[in-house]
Amino acid sequence: MTKKIKRPGWDEYFMKAAFLVSERSTCLRRKVGAVLVKNKQILATGYNGAPCGITHCDVRGCLRQELKVPSGKRHEICRGLHAEQNVLLQAARFGVSAQKSVLYITNAPCGICAKMIINAGIKEVVFTDDYPDKMAQDFLKEARVKLREAII
């Protein structure tokens, strides 16, 4: 008799991958990872941090942290890109369409990223930790992008 192997479900598998990707983050405030998936295949990954060729926050410091800017505010003074932005840019760089894909992210998206997710054609966003931006949730709902908390 063969022994049944316990395998993670798809949500658990892709969310664990997103958490692994988040370990590459150089953000001093929050480590976020994103995995873009279509037909149970990983298309691209991204984590939050400074653009290629720019000094990372863990070396340079964080202006938002120094100014005590609350989470979800004043994104324009941040050196880094969000994980969602980086996953979409990585897909674009390699000619991979995000149309009708699923985005697994460790944190729910902000309003800026929600707008990018909508225009990229992503059909569903799966997350584990919330983010303080109700407008993002409203945008996704209005655009009929499914937003779902992973149960892992």
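Residues numbered from 1 in each chain as written. Predicted model: local features only at pLDDT ≥ 70, side-chain atom pairs only at ≥ 80, totals over all residues. Heavy atoms only, no water.

When you line up the elements, Thr 106 lands in strand β3 (residues 102-107). At a separation of 3.3 Å, a polar atom in the side chain of Thr 106 contacts the side chain of Asn 107. Look past the residues within four positions of Thr 106 in its chain and what remains in contact with it is Met 15, Ala 18, Phe 19, Ser 22, Lys 31, Val 32, Gly 33, Thr 128 and Asp 129. (Helix = DSSP H or I, 4+ residues; strand = E, 2+ residues; numbered from the N terminus. Polar contact = N/O pair within 3.5 Å; in protein donor to acceptor, adjacent residues only side chain to side chain. Contact = heavy atoms within 4.5 Å.)

Moving on, we come to the pattern of salt bridges. Under the criterion given, the structure shown has four salt bridges. The partner of Asp 11 in a salt bridge is Arg 148, and the shortest N-O contact between them spans 2.6 Å. Of this pair, Asp 11 sits in helix α1 (residues 10-22) while Arg 148 is found in strand β5 (residues 146-149), placing the two residues 137 residues apart along the sequence. Between Lys 134 and Asp 138 there is a salt bridge, with the nearest N and O atoms lying 2.9 Å from each other. With Lys 134 and Asp 138 both in helix α6 (residues 134-142), this residue pair falls four residues apart, about one helical turn. Given the relative accessible area of 37%, Asp 138 is considered partly exposed. Salt bridges here are not isolated pairs; linked through shared partners, they connect Asp 11, Glu 124 and Arg 148. (Salt bridge = Lys/Arg side-chain N within 4 Å of Asp/Glu carboxyl O. Buried < 20%, exposed > 50% of the residue type's maximum accessible area, 1.4 Å probe, protein only.)

As paired elements, strand β4 (residues 124-129) and β5 share four bridges and run parallel to each other. What sits directly across from Glu 124, in β5, is Lys 146. With α6 bridging β4 and its parallel neighbour β5, the resulting β-α-β unit is right-handed. (Pairing = 2+ DSSP bridges. Right-handed = clockwise from strand over helix to strand, strands pointing away.)

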